[in-house]
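# Close look at the chain arrangement
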Amino acid sequence: YNVGYTIGSEIRKLGFNLDFAPVADVNTNPNNPIIGSRAFSSDPETAAVMAEACVKGFQDAGVISCLKHFPGHGDTDADSHTGYVSIGKSLEELTQVELVPFLKGIDAGVPVIMAGHIACPGITEDELPASLSPVLIDSLLRQQLGYTGVIVTDAMDMSAIADRYTAGEAAVLALQAGCDMVLIPA
């Protein structure tokens, strides 16, 4: 709570009303090159409680917060900034770990969720990153999990997207998937 409130209070003084934080990833893969200490915990329940408290701190400071990187970047062994990333988990496996902080955030009314560039071929049966996947954004996040807030993509200039799609293709796919905002389009 104090982290969200302190950061929120400081950036609010500078005129900002939105922070693309906190990370809601559960850091379960010791070979993960990007999440590490950005995550609150390797335990899903602890990560969920901490992310929820951080969101509440931001809200009390008058700043909109954003849980990221849906559906979870903590068990990956690659960095979506530098290339394609996928996790081979089933929906049941995701629900037991990666989705726990997002579910807690949805229940708490988190205003924004960021879709990561993480493919889940075990669920979608394709290689589309979550940010471009109607299965993960519309079917899972909106319909199954009941999220009604804003969905923003992670930065579209990251290699997980830029190496595989043109800027126009990626933007259209993101909107078709159900994202409301496209972050850093070319």
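Residues numbered from 1 in each chain as written. Predicted model: local features only at pLDDT ≥ 70, side-chain atom pairs only at ≥ 80, totals over all residues. Heavy atoms only, no water.

Overall, parallel pairing links the 3 strands, which are arranged β1-β3-β5 in an open sheet. The sheet is open, and its two borders are formed by β1 (66-70) and β5 (150-153), each paired with just one other strand. Within this sheet the neighbouring strands show an average axis-to-axis angle of 25 degrees, counted without direction. Across 4 bridges, the pairing between strand β3 (residues 112-115) and β5 is parallel. Looking at β5, one finds that Ala 115 is bridged to Thr 153. (Pairing = 2+ DSSP bridges. Helix = DSSP H or I, 4+ residues; strand = E, 2+ residues; numbered from the N terminus. Axes fitted to C-alpha atoms, helices over the stretch in contact; angles between N-to-C directions.)

One can describe the packing of helix α2 (residues 44-60) onto helix α4 (residues 100-107) by two numbers: an axis separation of 8 Å at closest approach and a directional angle of 35 degrees. Relative to α4, the crossing made by α2 is right-handed. On α4, the residues touching Pro 44, Glu 45, Ala 47, Ala 48, Val 49 and Glu 52 of α2 are Val 100, Pro 101 and Lys 104. Its residues assigned to classes, the contact of α2 with α4 shows 6 nonpolar, no polar and 3 charged. (Left-handed = near helix turned anticlockwise from the far one by under 90°. Contact = heavy atoms within 4.5 Å. Nonpolar A, V, L, I, M, F, W, Y, C, P; charged D, E, K, R; others polar.)

Let us now look at the pairing of β3. For a regular strand, side-chain orientation follows a simple rule: the groups alternate between the two sheet faces. On β3, burial covers both faces: Val 112 and Met 114 on one face and Ile 113 and Ala 115 on the other are all buried. Note that β1 and β3 share 4 bridges and pair parallel. Bridging across to β3, Lys 68 finds its partner in Met 114. (Buried < 20%, exposed > 50% of the residue type's maximum accessible area, 1.4 Å probe, protein only.)

Quick look at the pattern of salt bridges now. One pass over the structure, following the stated rule, counts 7 salt bridges. Between Lys 13 and Glu 10 there is a salt bridge, with its nearest N and O atoms 3.4 Å apart. Taken together, the residues Lys 13 and Glu 10, both in helix α1 (residues 2-13) and 3 residues apart, mark about one turn of the helix. Measuring nitrogen to oxygen at the nearest pair gives 3.2 Å for the salt bridge that ties Asp 75 to Lys 89. (Salt bridge = Lys/Arg side-chain N within 4 Å of Asp/Glu carboxyl O.)

Moving on, we come to the environment of Thr 153. Mapped onto the fold, Thr 153 is located in strand β5. Separated by 38 residues in sequence, Thr 153 and Ala 115 place their C-alpha atoms 4.8 Å apart. Setting aside residues no more than four positions away along its own chain, Thr 153 makes contact with Met 114, Ala 115, Ser 131, Ala 174, Cys 179, Met 181, Val 182 and Leu 183. At 3.0 Å, the side chain of Thr 153 forms a polar contact with the backbone nitrogen of Leu 183. (Polar contact = N/O pair within 3.5 Å; in protein donor to acceptor, adjacent residues only side chain to side chain.)

Judged by nonpolar contacts, the single largest core of 33 residues is most densely connected at Leu 67, Phe 70, Ile 113 and Leu 141. Those elements that provide at least two residues to this core are α2, β1, α4, β3, α6 (134-144) and α8 (167-177). Considering each element in turn, this core owes the most residues, 4 residues, to α6. Contact partners of Ile 113, with chain neighbours within four places excluded, come to Cys 66, Leu 67, Phe 70, Phe 102, Ile 106, Leu 141, Tyr 147, Val 150, Ile 151 and Val 152. (Core = buried A, V, L, I, M, F, W, Y, C linked by side-chain atoms within 4.5 Å.)

Structural measurements only, silent on function.
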